[in-house]
Amino acid sequence: MSEPAAPTRRTFLTGAGSLVVAFSLRPALAQQEALDGQPPPPAPHLPGSLKRSPWLDSWIRVDADGSVTVRTGKAELGQGIRTAMLQVAAEELRLEPARVRVVTADTEETVNEGYTAGSHSMQDSATAIRHAAAQVRALLADLAAARLGTEAAALVVADGVVRAPDGRQVTWAELVAGDELHLEAQPVSTFVPTDERRVIGTSLPRLDIPAKVTGAPAYVQDLRPPGMVHARVVRPPSPGARLRALDAAAVERRPGVIKVVLDGSFLAVVAEKEWGAITAMEALAAHATWTEGAALPETDRIFETLAGLPAEEHLVHDNRATAGSPTQTLEAAYRRRYQLHGSIGPSCALALFADETLTVWSHAQGMFPLRAALAEMLRMRPEQVRCAHVEGSGCYGHNAADDAAADAALIARAVPSRPVLLQLMREQEHLTEPCGPAMMTRVRASLDAAGTIVDWDYAVRSNTHLTRPPGAGNLLPAQLLAEPFAPPRPKPLPQPEGGGDRNAIPLYRLPNARVLHQFVPEMPLRVSALRALGAYVNVFSIESFMDELAAAAGQDPVAFRLRHLEDPRAQAVIRTAAERAGWSGRQRARNRGHGFAFARYKNLGAYLALAVEVEIARETGRIRLRRAVAAIDAGEAVNPDGIRNQVEGGIIQSTSWTLYEQVTFDRSRITSRDWSTYPILRMKAAPERIEVHILDRAGEPFLGTGEAAQGPTAAALANAVVDAVGVRLREIPLRRDVLREALI
């Protein structure tokens, strides 16, 4: 690994090592860059993120040696998008993948695509790159035709060269010496025909994996630029606590300690060595006195608390049509406790303050929103702040990564010209990160004599699912300053994607359906985006209730779903998962059960159906997922292995959420501070077998994959428990003590 002399505003380090970005952006990017952290208003009729950044040279650059650089505003979070986007560009440019380099989310080098979230990377960014690459290929052919004096249709564009039928040729580098690519994209592109594709649809090895499996630098936690110092923060012991007194003199005199940073209740220490920073942090904590009080609700009454808080009611779906007469009505309520992101590596950031500018390397999900928040917090102009993404070991939503970036920025300002690596401790991550909100749902539905759903009434009650930057008030360190920034008032996210009401509108054919979102602005615990947002709980609720309705109708759960679906792609994934799992021929065995669930993520993303088999230990109530068989339609499959990776990971993570995870707290503070008090799925409890079957839709739009499995997994597990032992669990996690009591 080669490293630059020091991180500067012209260089940055990537997870694969050290990468020097030597080119400057064209005016196009400057024109598209929004200084407030938000993308510019959309341009009409352009596909994907081209709506907001239409200049071709914002996405594709041909370098002097004929190599190609692709720039995306989305971040590699372990989902494999850097590899997939390289494949998309290489295919449309007719290049070997080795000749393409991908630069990800960086406020000085890429377009502003907001957050990397909601399975939007392929839908938005890869779609933009595909169109840009196809149009660049066509443009190169036109430029070559003019130079060679022939028709563009007669030319072959491949391997960085444009060739004429008579053997004459011209290289790409010769064609784009100036600003030839500084053109606005057009709404329609001519793609490489599906039968000629060589890169899309292949399982190209992931670019990010070699470093991760060999121990090479892969994460922001691995960065070690010359002259770097180490920092640790001391967090308040509970929400709302304020620093009352501090004796820091002895800590400041410790060998190797560079500085104690204090601003209001923001407290940190900088040292030459990491262990010195850790021990100094512990000493500071021991000499700090805090004012705190009972601020949290009783953990055993959290749902009563949530039910009693004022709510804004939003009717998000109201459909009335002629239907049959109801003969039986069912009603049920479901709920989910607070959950953590559970990132394996605590959050981290590297920052450098020099020459009145700030550079931050962070694993947060939105570099432009983060830049806006940091600029506001430090009262700097946005153009004085650069944020570059480097992978972190774990993401899954709005964890403590943005907070760590703010910590690093504040500390770097106090020790200018020294790169500062700020690493949170495990308990700091667990105790202060935004949680996934507790949620409650209620559903009531009626069946007619034929077992068809004729009436549906659904309500979901939830806090917000978005307290991310770009506001400084969304950063915990900014809230602790002597002149603190107040968090903005929480707001619901609008449909069709939604927040707490994401996937609350069923995809099923329901002639009379009403869906109510009860949005609760007050937040007993700090909350924000956790993977899939409200879709996890809403799909769990809807798909659990579909099984309850199927049982009441005396119908097979798979057949019941199929008869209530009109979308042929939804029907296809259900049939595929059922067939590959051997659903119709499944064998009953004591304490073993089978469950099924389906959803289309956000009703506009990937389709996923899942069949599972579980085993129940009656004496302990332990639920073990033995086998999972998934079928997914994510549109055109760019990298099949990458899709399988995402679905497998989603099933495993959702199994952990559903069977184990819940935040615990007393009246003053969170108590789930480590892996013993916040248990997650361990290797020995992982599913014995996971199968993922991909329904590739060549030529169809990309639909995204990352969050498709979260809700179906939870519902399939709950449905399998009923099949195994006849007990319906309606609260996440599916607690083994509750199940054991029910089986006694």
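Our structure's up above, just so we're on the same page.
Residues numbered from 1 in each chain as written. Predicted model: local features only at pLDDT ≥ 70, side-chain atom pairs only at ≥ 80, totals over all residues. Heavy atoms only, no water.

Draft legend 1. How the structure looks around the packing of helix 9 (residues 367-378) against helix 10 (residues 401-414). Their axes nearest at 11 Å, the elements helix 9 and helix 10 cross at an angle of 40 degrees. Judged on the interaxial angle alone, helix 10 and helix 9 are oblique. Seen along the crossing, helix 9 lies across helix 10 with a hand that is right-handed. Residues Leu370, Leu374, Met377 and Leu378 of helix 9 lie in contact with helix 10, whose contacting residues are Asp402, Ala405, Ala406, Ala409, Leu410 and Arg413. Considered class by class, the residues forming the contact of helix 9 with helix 10 number eight nonpolar, no polar and two charged. (Axes fitted to C-alpha atoms, helices over the stretch in contact; angles between N-to-C directions. Helix = DSSP H or I, 4+ residues; strand = E, 2+ residues; numbered from the N terminus. Parallel < 35°, antiparallel > 145°, perpendicular 65-115°, else oblique. Left-handed = near helix turned anticlockwise from the far one by under 90°. Contact = heavy atoms within 4.5 Å. Nonpolar A, V, L, I, M, F, W, Y, C, P; charged D, E, K, R; others polar.)

Draft legend 2. Quick look at the pairing of strand 5 (residues 100-103). Relative to strand 5, strand 4 (residues 68-71) runs parallel, the two being bridged by four bridges. Residue pairing across strands places Val68 opposite Val100, the latter belonging to strand 5. Where the polypeptide runs from strand 4 across helix 2 (residues 81-93) and back to strand 5, its parallel neighbour, the crossover connection is right-handed. (Pairing = 2+ DSSP bridges. Right-handed = clockwise from strand over helix to strand, strands pointing away.)

Draft legend 3. Layout of the packing of aromatic side chains. Scanning the model with the defined rule gives six aromatic pairs in all. With a centroid separation of 6.2 Å and 75 degrees between ring planes, the pair formed by Tyr338 and Phe665 is classed as edge-to-face. You can see Tyr338 sitting in the loop between strand 15 (328-336) and strand 16 (348-354) and its partner Phe665 sitting in the loop between helix 16 (640-659) and strand 26 (689-694), a full 327 residues away along the chain. Using a relative accessible area of 1% as the deciding quantity, one classes Tyr338 as buried. Its relative accessible area of 5% is what places Phe665 among the buried residues. Ring centres of Trp456 and Phe545 lie 5.9 Å apart, and the angle between their planes is 70 degrees; on these two criteria the pair is classed as edge-to-face. (Phe/Tyr/Trp six-rings, centres within 6.5 Å; stacked < 30°, edge-to-face > 60°. Buried < 20%, exposed > 50% of the residue type's maximum accessible area, 1.4 Å probe, protein only.)

Draft legend 4. Broad picture of unusual backbone geometry. Residue Pro496 is reached from Gln495 by a cis peptide bond, and omega for that bond is 15 degrees. By secondary structure assignment, the location of Pro496 is in the loop between helix 12 (476-479) and strand 22 (513-519). A cis geometry characterises the amide bond from Ile732 onward to Pro733, with omega recorded as 5 degrees. Here the phi dihedral of Glu356 falls at roughly 60 degrees; this positive angle occurs in a residue that is not glycine. You can see Glu356 is positioned in the loop between strand 16 and strand 17 (357-362). Positive phi, close to 55 degrees, is recorded for Arg379, a residue that is not glycine. Examined against the element boundaries, Arg379 turns out to sit in the loop between helix 9 and strand 18 (385-389).

Draft legend 5. Just the side chain of Asp106, in detail. Residue position: Asp106 is located in the loop between strand 5 and helix 3 (121-148). The class of Asp106 is buried, set by a relative accessible area of 0%. Among the polar contacts listed, one links the side chain of Asp106 to the backbone nitrogen of Glu108, at a separation of 2.8 Å. (Polar contact = N/O pair within 3.5 Å; in protein donor to acceptor, adjacent residues only side chain to side chain.)

Draft legend 6. Highlighting the sheet that holds strand 8 (residues 169-171). The strand order 6-7-8 describes an open sheet built from three strands, whose pairing is antiparallel. Only two strands of the sheet have a single neighbouring strand rather than two, namely strand 6 (156-158) and strand 8. Averaged over all pairs of adjacent strands, the angle between strand axes in this sheet comes to 15 degrees, irrespective of strand direction. Sheet topology note: the strand 7 (residues 161-163)/strand 8 ladder contains three bridges and is antiparallel. Counted as the bridge partner of Arg163 is Gln169 from strand 8.

Draft legend 7. Geometry of the pattern of salt bridges. Evaluated as defined, the whole model comprises 45 salt bridges. Ionic pairing is found between Glu108 and Arg386, a salt bridge with its closest N-O pair at 3.9 Å. Of this pair, Glu108 sits in the loop between strand 5 and helix 3 while Arg386 sits in strand 18, and the two are 278 residues apart along the sequence. For Glu108, a relative accessible area of 16% corresponds to the buried category. Residue Arg386 is classed as buried on the basis of its relative accessible area of 1%. Among the ionic pairs, Arg735 bridges to Asp737, the shortest N-O distance being 2.8 Å. On the basis of relative accessible area, Asp737 is assigned to the partly exposed category, the value being 28%. (Salt bridge = Lys/Arg side-chain N within 4 Å of Asp/Glu carboxyl O.)

Draft legend 8. Looking closely at the side chain of Ser265. Structurally, Ser265 can be placed in the loop between strand 11 (257-263) and strand 12 (266-271). Looking at Ser265, the relative accessible area reads 4%, which means it is buried. Not counting the four nearest positions on each side in its chain, Ser265 is found in contact with Arg242, Leu243, Trp290 and Leu480.

Draft legend 9. Quick peek at helix 13 (residues 535-553). Look at helix 13: 26 Å from first C-alpha to last across 19 residues, which is about the 27 Å you get at 1.5 Å a residue. The buried fraction of helix 13 is high, at 16 of 19 residues. Of the residues flanking the end of helix 13, it is Gly554, one or two places downstream, whose phi is positive at about 70 degrees. (Expected span 1.5 Å × (residues − 1).)

Draft legend 10. Examining the state of the cysteines more closely. In the structure shown here, the tally under the stated rule is zero disulfides. Cys395 supplies the cysteine sulfur nearest to Cys435, a cysteine that is in no disulfide, at a spacing of 16 Å. According to the relative accessible area criterion, Cys435 is buried, its value standing at 1%. (Disulfide = S-S within 2.5 Å.)

Draft legend 11. View of the sheet that holds strand 24 (residues 607-617). Taking strand neighbours across the sheet as the criterion, the four strands line up as 23-24-25-26 in an open arrangement whose pairing is mixed. Pairing within the sheet leaves two strands with one partner each, and these edge strands are strand 23 (592-600) and strand 26. Neighbour-to-neighbour, the strand axes of this sheet turn through a mean angle of 15 degrees, independent of strand direction. Lying over the sheet, helix 17 (residues 710-725) contacts strand 23, strand 24 and strand 25 (622-633), oriented at roughly 150 degrees with respect to strand 23.

Draft legend 12. The environment of Lys602, seen in detail. For Lys602, the position within the fold is in the loop between strand 23 and strand 24. Separated by 380 residues in the primary sequence, Lys602 and Asp222 place their C-alpha atoms 36 Å from one another. Apart from the residues lying within four places of it in its own chain, the contact partners of Lys602 are Gly118, His120, Pro496, Glu497, Arg502 and Asn503.

Draft legend 13. Spatial organisation of the pairing of strand 4. A two-sided burial pattern is seen for strand 4, the buried positions comprising Val68 and Val70 on one face and Thr69 and Arg71 on the other. Pairing geometry for strand 3 (residues 60-62) and strand 4, over three bridges, is antiparallel. The residue bridging Val62 from the neighbouring strand is Val68, located in strand 4. Counted along the chain from strand 3 to the antiparallel partner strand 4, the turn is five residues long, and its residue Gly66 has a positive phi close to 85 degrees.

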